[in-house]
Amino acid sequence: MRSSALLAMLSSLAAAESDDLTLKRAFAGRFELGVALPTAPLREEENKLAFTQFGALTAENCMKPGPLQPTEGRFAFEAADRLVALALDHGLQVHGHTLVWHQQCPDWFFVQDGQPATPERVRERLRAHIRTVVQRYAGKVKTWDVVNEALSDGKEYLRPTPWLAALGEDYLAEAFHAAHEADPTAELFYNDYNIELPEKREKALRLIRELRRRGAPVHGIGIQGHWQLDHIPFAEIEKSLIAFHAEGLKIMITELDFDVVPRRQSGAATDVREEGQDLYPNGLPPELLERQAQQYARLFALFDQHHDKIHRVTFWGLHDGRTWLNGWPYKRTNHPLFWDRQLQAKPALAAVLAVAGQGL
Ligand code: XIL
């Protein structure tokens, strides 16, 4: 073989290999990697990045109650249908997010002729919503966040929401029963933030136990994972993985991102806004990129150590140009993910691939 042909062959082999070096392949056999995508059509190179790096997809917004059923009985499935089809066409799993939440949930669920609706009416609407949505995606969406963020951030056990006000604690078991009836093969999750911290972890365990005592089928738990640089609760995350696993729950990290612009609140209460400065409008300084890489690596080393307990790790967004942290809890230029706005891999990607035993 002529040496130029040999060189060409070698360089195409190298290209193929570096294409092979994806997050999902690096952790194959340990846990799946997922990504949340918005409804707006992505550019071709964004799609390519999402579908080569990740094995699962969550809809960032379009499968929530508000977008899906803006008025009673009028479902708007187009966006969700499109995203589900796109995922399945590319061989990705789809995680359904979310059937019951106090945010992005229209008021009509709770009102009748200008008055608070009766509990019977609210219960029927809850069941009808879940039935219609879960049946539509039966066999396509294999895991669901049935209830999102039902636990209180304060002293009390449950978050005061219109659902709780209308139905009491019953709404939780109702939701899981309805989802199970609609698709008995789907795996049903409870999803929340800060449940890796001691106070809310105890509440989450109580919730799971009470639901199960009532015969509600709860198969798994989602730890959202909206963490902040330099404040990642590694030890508590580990304790939670152990505690939830011991409870017989399948565990997913459902909404991972590391905020690098300081904010006051931990967790992710989407209705609590703050004021602050746009500290890094022109990019993240190298020193911070490095720290972010180290902390992502430490987190993935922990996940790797407990991979027997973790089913999937999903990032809340594909790249820094498409992260909700550019807008919450105040408008700023954020840099929480593995790819920057130009889709260039940040040091965090190489650091995490190295944890999996893969070099770039
Ligand atoms: C966020 C979306 O990313 C935003 O686009 C939307 O404006 C508000 O909701 N916890 C959740 C997610 O469970 O559904 C939230 O998603 C982020 C916090």
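Worth saying up front: this structure is predicted, and the values here are computed from it rather than measured.

Q: Where do I start with the overall build of the protein in this structure?
A: A count of helices and strands for the protein gives 12 helices and 11 strands. Taking 360 residues into account, the globule formula puts the C-alpha radius of gyration at 21 Å, and the protein, at 21 Å, falls close to it. The principal-axis extents of the C-alpha atoms in the protein amount to approximately 80 × 40 × 40 Å. Sorting the 360 residues of the protein into buried and exposed places 55% on the buried side. Here the protein has roughly 15,400 Å² of accessible surface; of this, 52% comes from carbon and sulfur atoms.

Q: Any chance you could explain the nonpolar core here in plain terms?
A: Side chains of nonpolar character tend, in soluble globular proteins, to be buried together. Counting 100 residues, the largest nonpolar core has L23, W144, F300 and F303 as the members making the most contacts within it. Counting residues per element, this core draws most heavily on helix α8 (residues 170-182), which supplies eight residues. With sequence-adjacent residues up to four places away left out, F300 is seen in contact with F27, F31, L33, L256, V313, F315, F338, V352 and V355.

Q: Where do I start with the site of the ligand in this structure?
A: The ligand sits among 15 residues. The nearest are E60, N61, K64, H97 and E255. At 2.9 Å, a side-chain N or O of N61 approaches an oxygen atom of the ligand. Within the side chain of Q224, one N or O atom sits 3.3 Å away from an oxygen atom of the ligand. Protein chains shield 82% of the accessible area of the ligand, which is 410 Å² for the free molecule. Classifying every residue of the shell around the ligand by side-chain character gives four nonpolar, seven polar and four charged.

Q: Looking at this structure, I do not really get the side chain of T58. What am I missing?
A: With respect to the secondary-structure elements, T58 resides in strand β2 (residues 56-59). A relative accessible area of 3% places T58 in the buried class. If near-sequence neighbours (up to four positions away) are discounted, T58 is found in contact with V35, A36, L37, H95, H97, T314 and W316.

Q: Help me understand the packing of helix α10 (residues 234-246) against helix α11 (residues 286-305), please; the structure alone is not making it clear to me.
A: Between two packed helices, the angle of one axis relative to the other and the distance separating the axes together describe the packing. Contact geometry of α10 with α11 gives a least axis separation of 11 Å together with a crossing angle of 20°. When the axis of α10 is compared with that of α11, the two are roughly parallel. Crossing of α10 over α11 shows right-handed handedness. When α10 is examined against α11, the residues F234, I237, E238 and L241 are found in contact with a partner set consisting of Q295, R298, L299, L302, F303 and Q305. Its residues assigned to classes, the contact of α10 with α11 shows six nonpolar, two polar and two charged.

Q: Please clarify how the layout of surface pockets should be interpreted in this entry.
A: A water-sized probe, rolled over the atoms, reveals where empty space remains. When its volume is computed, the second largest pocket comes out at roughly 180 Å³. Lining the second largest pocket are 14 residues; nearest its centre among them are G283, L284, D320, H335 and D340. Per-class residue counts for the lining of the second largest pocket are five nonpolar, five polar and four charged.

Q: Can you help me understand the packing of aromatic side chains in this one?
A: For any two aromatic rings, the description comes down to two numbers: the centre-to-centre distance and the angle of the planes. Inspection of the entire model under this criterion finds 22 aromatic pairs. An aromatic cluster is built from F27, F31, F54, F258, Y296, F300, F303, F315, F338 and W339, whose rings are joined through pairwise contacts. Over the ring of Y193 we find K200, and its NZ or CZ is 3.8 Å from the ring centre. Sitting over the face of the ring of Y330, R332 holds its NZ or CZ atom 4.6 Å from the ring centroid.

Q: Sorry if this is basic, but what is going on with α11 here?
A: With 20 residues, α11 extends 28 Å between its outermost C-alpha atoms, agreeing within 8% with the 28 Å of an ideal straight helix rising 1.5 Å per residue. Buried residues of α11: L288, L289, Q292, A293, Q295, Y296, A297, L299, F300, L302, F303 and D304, and no others.

Q: Where do I start with the packing of α11 against helix α12 (residues 347-355) in this structure?
A: At a minimum axis separation of 8 Å, α11 and α12 run at an interaxial angle of 30°. One finds that α11 runs roughly parallel with respect to α12. Read as a crossing pair, α11 and α12 show a hand that is right-handed. For the pair α11 and α12, the contacting residues are L289, E290, A293, Y296, A297, F300, A301 and D304 in the first and P347, A348, A351, V352 and V355 in the second.

Q: I'm lost on the side chain of R125 in this one. Help?
A: Here R125 is to be found in helix α6 (residues 119-136). Taking the relative accessible area as the measure of exposure, R125 reaches 6% and is therefore buried. With residues up to four places along the chain from it excluded, the contact list for R125 reads E72, W108, F109, F110, V111, Q112 and A117.

Q: How do you make sense of unusual backbone geometry when you look at a structure like this?
A: Of the consecutive residues H97 and T98, the connecting peptide bond is found in the cis state with omega at 0°. Assignment of secondary structure puts T98 in strand β3 (residues 93-100). Here the residue pair W328 and P329 is connected by a cis peptide bond, since its omega of -5° sits within 30 degrees of zero. As for its placement among the helices and strands, P329 is situated in the loop between β11 (310-315) and α12. The residue D113 is not glycine, and still its phi comes out positive at about 50°. A relative accessible area of 72% places D113 in the exposed class.

What counts and how
- Residues numbered from 1 in each chain as written.
- Predicted model: local features only at pLDDT ≥ 70, side-chain atom pairs only at ≥ 80, totals over all residues.
- Heavy atoms only, no water.
- Helix = DSSP H or I, 4+ residues; strand = E, 2+ residues; numbered from the N terminus.
- Rg over C-alpha atoms; globule rule 2.2 N^0.38 Å.
- Buried < 20%, exposed > 50% of the residue type's maximum accessible area, 1.4 Å probe, protein only.
- Areas by Shrake-Rupley, 256 points an atom, 1.4 Å probe, with all protein chains shown as cover.
- Core = buried A, V, L, I, M, F, W, Y, C linked by side-chain atoms within 4.5 Å.
- Contact = heavy atoms within 4.5 Å.
- Near = heavy atom within 4 Å.
- Polar contact = N/O pair within 3.5 Å; in protein donor to acceptor, adjacent residues only side chain to side chain.
- Nonpolar A, V, L, I, M, F, W, Y, C, P; charged D, E, K, R; others polar.
- Axes fitted to C-alpha atoms, helices over the stretch in contact; angles between N-to-C directions.
- Parallel < 35°, antiparallel > 145°, perpendicular 65-115°, else oblique.
- Left-handed = near helix turned anticlockwise from the far one by under 90°.
- 1 Å grid on protein atoms, 1.4 Å probe; cavity = no way out; pocket = protein on both sides within 12 Å on 5 of 7 lines; lining within 4 Å.
- Points joined across faces, edges and corners; volume = space filled by probe spheres on them.
- Phe/Tyr/Trp six-rings, centres within 6.5 Å; stacked < 30°, edge-to-face > 60°.
- Lys NZ or Arg CZ within 6 Å of the ring centre and 35° of its normal.
- Expected span 1.5 Å × (residues − 1).

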